[in-house]
Amino acid sequence: MPRPIVATIHLDAMKYNLARAQTCAPQSRLWAVVKADAYGHGLARALRGFAGADGLALVEFEQAVRLREMGWTKPILLLEGFFEPADLETMAACGLNGAVHCIEQIEMLEAARLPAKLNLHLKMNTGMNRLGFKPDEFAAAHARLRAIPLVGEIALMTHFANADQPQADYLPIQEQIRRFRSGALGLPGSCSLSNSAAVLRQAELKDELVSHWTRPGIMLYGATPGEKSAVEFDLRPSMTLTSAIIGKQSIGAGEGVGYGSAFRAAQAMQVGVVACGYADGYPRHAPHGTPVLVDGVKTCLIGRVSMDMMMVDLTPVPQAHIGSRVTLWGQGLPIDEVAQAAGTIGYELMCALAPRVRMIED
Ligand SMILES: *Cc1c(COP(=O)(O)O)cnc(C)c1O
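Okay, so let's go over this structure. The structure presented is a predicted model; accordingly, all values stated were derived computationally and were not measured.

Rules used in this analysis
- Residues numbered from 1 in each chain as written.
- Predicted model: local features only at pLDDT ≥ 70, side-chain atom pairs only at ≥ 80, totals over all residues.
- Heavy atoms only, no water.
- Axes fitted to C-alpha atoms, helices over the stretch in contact; angles between N-to-C directions.
- Helix = DSSP H or I, 4+ residues; strand = E, 2+ residues; numbered from the N terminus.
- Parallel < 35°, antiparallel > 145°, perpendicular 65-115°, else oblique.
- Left-handed = near helix turned anticlockwise from the far one by under 90°.
- Contact = heavy atoms within 4.5 Å.
- Nonpolar A, V, L, I, M, F, W, Y, C, P; charged D, E, K, R; others polar.
- Buried < 20%, exposed > 50% of the residue type's maximum accessible area, 1.4 Å probe, protein only.
- Pairing = 2+ DSSP bridges.
- Core = buried A, V, L, I, M, F, W, Y, C linked by side-chain atoms within 4.5 Å.
- Salt bridge = Lys/Arg side-chain N within 4 Å of Asp/Glu carboxyl O.
- Near = heavy atom within 4 Å.
- Polar contact = N/O pair within 3.5 Å; in protein donor to acceptor, adjacent residues only side chain to side chain.
- Areas by Shrake-Rupley, 256 points an atom, 1.4 Å probe, with all protein chains shown as cover.

## As for the packing of helix α4 (residues 61-69) against helix α5 (residues 85-94)
At step 1: Direction vectors running N to C along α4 and α5 enclose 15°, while the axes themselves pass 11 Å from each other. Taken together, the axes of α4 and α5 are roughly parallel relative to one another. Relative to α5, the crossing made by α4 is left-handed. Contacts between α4 and α5 pair F61, V65 and R68 from the former with D87, T90, M91 and C94 from the latter.
At step 2: For the contact of α4 with α5, the per-class residue count stands at four nonpolar, one polar and two charged.

This is the structure:
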């Protein structure tokens, strides 16, 4: 018998969320972001769930090649671009579009001899200070790229730092859009700006935000980038992590639970042992009180998460027994709520899901 922990992937929810992203930005084409094994959901599933996307974007070369092998014929974008000259051959052979964010990459392109032209995304750093050319270096980088014979289409891209914070007083999205416009002034090519947070604000920003190609990730998986809940945005969870109660203990007042006896019972209580631990990807730093469902009833984690197990308070669910179903996140328990309690974000929980967790589809 396998351990009872299972991640169920809801392909219908992925399709639904994709349609939501398309509705939010109806004028744009859409790169569905599938990096990190489709945020932990599996690349093959993303291929089916996001079959309606205009392109797929990721950072891993091996996975990009696999997408072609699995039959994806529409565009693929490498969000970090290429790392060494040999990568350019893979890009030409598989028709991969890549970001260009530094002079060293332009030098590699100048030195390359390839059998096919490459379509590229020239990236501007508009304040995120991660990848890209400064706005005042951008036109020169564009001209140098344009002069390379093996370069085909050049799209223009940037990435927002604070799109999830409408009230940001430092570097609000409007400021990054302004810098992008000024750095890209007069340059031809389609623009790709919006991540999920910006897609979700397209209606508010209207013509101020022009992103011919959007790049949503997290919203497609039914979680949100900011404070507002997935329900408010009408997004559906694409991953439900469930397990079962595999042990029960009755403890008296003053007794401790788990390593370090980090939880101490105020009164006599029932404790449920769940087959889910940090080696499954559940965050070890999740504190006492992190929400969990047992037989559909909300209760909470108690004590320290161990490698294969964690303990929960059965006080609100006295009927719980060995085999009772436990939901760690997903349908019935938003991943964002669990993430917030654990001091992280839904993204990290999804991506951290361990390979030993069985994954099924419904
Ligand atoms: C990951 C990533 C995205 C998607 O971001 P979400 O917040 O998940 O929507 C978009 N663009 C780039 C460059 C990324 O690295």
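Let's pick the thread back up.
## What about the side chain of T214?
At step 1: Take T214: it is sitting in strand β9 (residues 213-214).
At step 2: The class of T214 is buried, set by a relative accessible area of 2%.

## Looking at the sheet that holds strand β3 (residues 55-58)
At step 1: With parallel pairing, the eight strands of this open sheet are ordered in space as β8-β7-β6-β5-β4-β3-β2-β9. Of all strands in the sheet, those with a lone pairing partner are β8 (191-192) and β9, marking the two edges.
At step 2: Those strands touched by α5 are β4 (76-78), β5 (97-100) and β6 (118-124), and its axis lies near 125° from that of β6.

## Description of the environment of A203
At step 1: Looking at the secondary structure, you find A203 in helix α10 (residues 202-205).
At step 2: Since its relative accessible area comes to 61%, A203 is described here as exposed.
At step 3: With 111 residues separating them along the chain, A203 and L314 place their C-alpha atoms 44 Å apart.

## Details of the nonpolar core
General note: in soluble globular proteins, nonpolar side chains tend to be found buried as a group.
At step 1: By size, the foremost hydrophobic cluster in this structure holds 111 residues, and its most contacted members are V34, F50, L109, Y282, M310 and W329.
At step 2: Looking at which element gives the most residues to this core, the answer is helix α1 (residues 11-24), with five residues.
At step 3: With sequence-adjacent residues up to four places away left out, W329 is seen in contact with M239, T240, L241, Y282, I335, V338, L349 and L353.
At step 4: V257, A265, V271 and C300 belong to the second-largest nonpolar core, a separate cluster that totals ten residues.

## Here we look at the environment of A46
At step 1: Among the secondary structure elements, A46 is positioned in helix α3 (residues 43-49).
At step 2: Under the relative-accessibility criterion, A46 is labelled buried at 1%.
At step 3: Along the primary structure A46 and I9 are separated by 37 residues, whereas in three dimensions their C-alpha atoms are 10.0 Å apart.

## Things to note about the pattern of salt bridges
At step 1: In the structure shown here, the tally under the stated rule is eleven salt bridges.
At step 2: As a salt-bridge pair, R48 and E361 come within 2.8 Å of each other at their nearest N and O atoms. A residue pair is termed long-range when its members are at least 10 positions apart, and R48 in helix α3 and E361 in strand β18 (residues 358-361) qualify at 313 residues.
At step 3: For R48, a relative accessible area of 44% puts it in the partly exposed group.
At step 4: Residues R179 and E175 are paired through a salt bridge, measuring 2.8 Å at the closest nitrogen-oxygen approach.

## Focus: the environment of C102
At step 1: Its place among the elements puts C102 in the loop between β5 and α6 (103-111).
At step 2: Put simply, C102 and R264 are 162 residues apart on the chain and 54 Å apart in space, counted from C-alpha to C-alpha.

## Quick notes on the pairing of strand β13 (residues 269-274)
At step 1: Counting buried positions along β13 gives five out of six residues, so the element sits mostly inside the fold.
At step 2: Here strand β10 (residues 239-251) pairs with β13 via six bridges, running antiparallel. Paired with Q249 across the bridge in β13 is V271.
At step 3: As paired strands, β13 and strand β16 (residues 310-313) are joined by four bridges and run antiparallel to one another. Following the sheet pairing, V271 is matched in β16 by D313.

## Describing the site of the ligand
At step 1: Near the ligand you find 14 residues, and of these K35, Y39, S196, I218 and Y347 are the closest.
At step 2: The backbone of I218 places a nitrogen or oxygen atom 2.8 Å from an oxygen atom of the ligand.
At step 3: The contact in question runs from an oxygen atom of the ligand to an N or O atom on the side chain of Y347, over 2.6 Å.
At step 4: Notes on the ligand: free accessible area 390 Å², of which the protein chains cover 92%.
At step 5: Across the shell around the ligand, the residue classes break down as six nonpolar, four polar and four charged.

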